Amino acid sequence: MPTELVPLRPLGYAASLPSSRVLSIFGRAFPFKLKYLSLSSKPPRLPLMASAGEKGSVSVEDEARSAGGRDGMRRSRKSPRNGAPLKRQRGGDSNFLQVIGDAKKHRGSGRKEKSLGSGKGPYRFEVLDGEDEEEDEIGNMGEGVVTVISEDSTSLHALMKEGDSNAQKSLLGVDDSYLSETRFDQCSISSLSLRGIKDAGYEKMTQVQEATLPVILGGDDVLAKAKTGTGKTVAFLLPAIEVLSKLPLVEREQKRPSINVLVLCPTRELANQVAAEANKLLKYHPSIGVQVVIGGTRLTQEQRRMQTNPCQILVATPGRLKDHIENTQGFATRLKGMKVLVLDEADRLLDMGFRKDIEKIVASVPKQRQTLLFSATIPEGVRQICHIAMKKDHAFINTVEEGSEETHSQVRQMYLIAPLDKHFSILYSLLTEHVLEDADYKVIVFCTTAMVTKLVADFLSRLGLNIREIHSRKAQNYRSRVSEEFRQSKGLILVSSDVSARGVDYPDVTLVIQVGLPADREQYIHRLGRTGRKGKEGKGILMLAPWEKFFLASIKDLPVTEAPLPLTDSNTQRKVEEALRRVEMKNKESAYQAWLGYYNSNKTIGRDKRKLVELAEEFSQSMGLTDPPAIPKLILRKMGLNNVPGLRSL
Ligand SMILES: Nc1ncnc2c1ncn2[C@@H]1O[C@H](COP(=O)(O)OP(=O)(O)OP(=O)(O)O)[C@@H](O)[C@H]1O
């Protein structure tokens, strides 16, 4: 049974003020002045690992061991008899650690206090009873063909600080409750890493960093869930680097050292970003190198780089990594030295689109390793298949408080329901409104597929908006350039497919618009998570057609409110129609085909093919076409749509 970290008690409330930059649509939806409280999702607090003046001298592992704790915890998970759920408390102090194993097995076992180890340590352990205890690397499927999957490509230790319920809201309107009270220099981290952390500008750990660091340093496999934009990347990179830095020098100084840390990411942009973060942390570790292997670049170039440069940390997308395992000489051998495997965006990597690649990769790396899985969303189904990569007794660390939302309270979420033929003009109105209201606007418009993204970008550019587009049909160097430009700029709208849905950290995104059905609830949350990062405020709008409304049921636990439709005057309408007329025909044709493929693969909409074709025609009309574009017969057959009335074939 995996063990799981759970908070022991309701967490504090943090006051959070609404945005000072209010979209008029938000103003209309919330005509009153909002002052709302958000539930702070502070995870349990980590016991300090080194007292002041003993910097870096005692790790949580050491500390726990000195009290017999860690070993005790391990025993507790392996032996139900001895290992009934444990709660560790700092005697008289407010910090405590709760270890809950398979509680169901222990129901009715009574409540006993138990001293483990020497009994002299600062912790008391007690046995609890009855505690209750979840694109682009997708491959080039060709849009509109067969299945179009959207593109991108509890209980163990709860460390929680009592009395830490005060809101940590800065004067700048940034809610910093995602940060913990623990500073990195209070932890047992190497001085070289600490210098890198300091240069990166990090002082306090984020909640997820604080909760996971001691467990990872203690050698456990960890499955961690924390909200978007709360520092999960550093949470897995830092302990991985620490593991690396402790390896015997001989292992590190070989001419072609083994790859010791492997980080898998679902998209290329994310892989590059993770490598960049690793480089920041490694600034003062000159002998440790990071390399990236991602699709869309030359295999031979990557092979050369890995041969000539240090590469103890490899960040990869699954498809390309598999390529190297199969085709790069000596690569499989280098992987045999792997100590830490990380699956970033674990739920995405373990879903059907990537599962086969991941299984193959896991089979190529040593069984004796530590595995870390991180994501902002971990659906129950994913927890059940974690065994593909993790040890059975892994720790599940969930910093999203039970019963609280998986999204940030400082991000206002709205949805709009409008017929498809209104979507283009509504989108334009929403954007112009936002641009007028916020000089520092930075918007991401998510579309269902790459070709629909291209169409929308073409349309919006013709209306004079400052647009960039990013999706899997763009060359990798273009994608990297646009991604970097968007990261650094303001006053820009990025029209994107799901290549930007997960993990990418663009600072200060003011608004996220999702046009059409998100692939699933998780994708909705991750897309929305591009705004409201690091406690900043943000807004999200989901635009659906009436027949897409069923999606709202899957996010009904989230604070999403219906927004009124923006008013479009006749002048705007004329401009929109003119822009649509000027959009390239081939973009409309490709978008139509891709749209059909995307919705065909949706379980709800794709079930009734006749209805699907009618809806596709609506979409084609919304682009200003009188007749839907013709589609090659072969493609129609692959989509299971041949002979469906209303389709034109080539
Ligand atoms: N301790 C820290 N203090 C301040 N900023 C931090 C700290 N750790 C990470 N950050 C910054 O927080 C931002 C978000 O981090 P990151 O991208 O790792 O979030 P995430 O939780 O992985 O988000 P997502 O779920 O979207 O992938 C980054 O800009 C990162 O540099």
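Residues numbered from 1 in each chain as written. Predicted model: local features only at pLDDT ≥ 70, side-chain atom pairs only at ≥ 80, totals over all residues. Heavy atoms only, no water.

Q: Describe the site of the ligand, with residues and values.
A: Residues in close proximity to the ligand total 22 residues, the closest being Tyr202, Lys232, Thr233, Asp505 and Arg533. Between the ligand and the protein, one listed contact pairs an oxygen atom with a side-chain N or O atom of tyrosine 202 at 2.5 Å. In this structure, an oxygen atom belonging to the ligand sits 3.3 Å away from a side-chain N or O atom of glutamate 345. Starting from 640 Å² of accessible surface for the ligand in isolation, the protein chains cover 94%. Going through the elements one at a time, β10 (204-206) and α7 (232-245) are the ones with two or more residues in the shell around the ligand. Partitioning the shell around the ligand into residue classes produces five nonpolar, eight polar and nine charged. Taken domain by domain, the shell around the ligand gets at least three of its residues from each of domain 1 (180-248 + 255-398) and domain 2 (411-564). (Near = heavy atom within 4 Å. Polar contact = N/O pair within 3.5 Å; in protein donor to acceptor, adjacent residues only side chain to side chain. Areas by Shrake-Rupley, 256 points an atom, 1.4 Å probe, with all protein chains shown as cover. Helix = DSSP H or I, 4+ residues; strand = E, 2+ residues; numbered from the N terminus. Nonpolar A, V, L, I, M, F, W, Y, C, P; charged D, E, K, R; others polar. Domains from an automatic or database assignment.)

Q: Outline the packing of helix α16 (residues 420-437) against helix α17 (residues 450-462), supporting the account with residue identities and numerical values.
A: Viewed as axis vectors pointing N to C, α16 and α17 meet at an angle of 60°, and their least axial separation amounts to 11 Å. Regarding the angle of α16 to α17, the classification is oblique. You can see that α16 and α17 cross each other, and the crossing is right-handed. On α17, the residues touching Phe424, Leu427 and Leu431 of α16 are Leu455, Val456, Phe459 and Leu460. In terms of residue class, the contact of α16 with α17 is built from seven nonpolar, no polar and no charged. (Axes fitted to C-alpha atoms, helices over the stretch in contact; angles between N-to-C directions. Parallel < 35°, antiparallel > 145°, perpendicular 65-115°, else oblique. Left-handed = near helix turned anticlockwise from the far one by under 90°. Contact = heavy atoms within 4.5 Å.)

Q: An account of the environment of glycine 646 is requested, with residue identities and associated values reported.
A: Within the element layout of this structure, glycine 646 appears in the segment after α23 (633-638). When its relative accessible area of 42% is taken as the criterion, glycine 646 is described as partly exposed. Sequence separation between glycine 646 and arginine 610 is 36 residues, and the spatial gap between their C-alpha atoms is 8.0 Å. Ignoring anything within four residues of it in the chain, the contact list for glycine 646 reads Val613 and Pro628. (Buried < 20%, exposed > 50% of the residue type's maximum accessible area, 1.4 Å probe, protein only.)

Q: Which residues make up the packing of aromatic side chains, and what values do they have?
A: Scanning all chains against the criterion turns up nine aromatic pairs. Consider the rings of phenylalanine 236 and phenylalanine 374, whose centres lie 5.5 Å apart with planes at 65°: the pair is edge-to-face. With phenylalanine 236 in helix α7 and phenylalanine 374 in strand β16 (residues 370-375), the pair connects residues that are 138 residues apart, well separated along the chain. Ring centres of phenylalanine 424 and phenylalanine 459 lie 5.0 Å apart, and the angle between their planes is 70°; on these two criteria the pair is classed as edge-to-face. One end of the pair, phenylalanine 424, is in helix α16; the other, phenylalanine 459, is in helix α17, and 35 residues separate them in sequence. Per residue, the accessibility class of phenylalanine 424 equals that of phenylalanine 459, and both read buried. Among the aromatic residues, those joined into a ring-pair cluster are Trp547, Trp595, Tyr598, Tyr599 and Phe619. Positioned above the aromatic ring of tyrosine 284, the side-chain terminus of arginine 195 is 4.1 Å from the ring centre. Positioned above the aromatic ring of tyrosine 478 is the side chain of lysine 474, whose terminal nitrogen or guanidinium carbon lies 4.6 Å from the ring centre. (Phe/Tyr/Trp six-rings, centres within 6.5 Å; stacked < 30°, edge-to-face > 60°. Lys NZ or Arg CZ within 6 Å of the ring centre and 35° of its normal.)

Q: Please give an account of the UniProt feature "domain: DEAD-box RNA helicase Q" (unreviewed entry) in the chain that cites residues and values.
A: Under the UniProt annotation, "domain: DEAD-box RNA helicase Q" (unreviewed entry) lies at residues 182-210. In residues 182-210, the share of helix is 48% and the share of strand is 17%. The end C-alpha atoms are 7 Å apart. (UniProt positions renumbered as here; feature names shortened; annotations may be inferred.)

Q: Quick rundown of the domain arrangement of the chain? Include the residues and the values.
A: Taken domain by domain, the chain consists of domain 1 (180-248 + 255-398), domain 2 (411-564) and domain 3 (584-639). Contacts between the two partners involve 18 residues from domain 2 and, on the opposite side, 17 residues from domain 3. Carbon and sulfur atoms supply 69% of the area buried between domain 2 and domain 3, which totals about 1,600 Å² over both sides. Considering only the side of domain 2, the residues that lose the most area to domain 3 are Leu420, Leu455 and Trp547, jointly responsible for 34% of the buried surface there. At the boundary of domain 2 and domain 3, one finds zero salt bridges. Where domain 2 packs against domain 3, one counts six residue pairs in polar contact (both at pLDDT 80 or more). If you list the elements that add at least two residues to the side of domain 2 that touches domain 3, you get α16 and α17. The dominant element in the side of domain 2 that touches domain 3, judged by the number of residues it contributes, is α17, at six residues. (Buried area = accessible area lost by both parts, 1.4 Å probe. Salt bridge = Lys/Arg side-chain N within 4 Å of Asp/Glu carboxyl O.)

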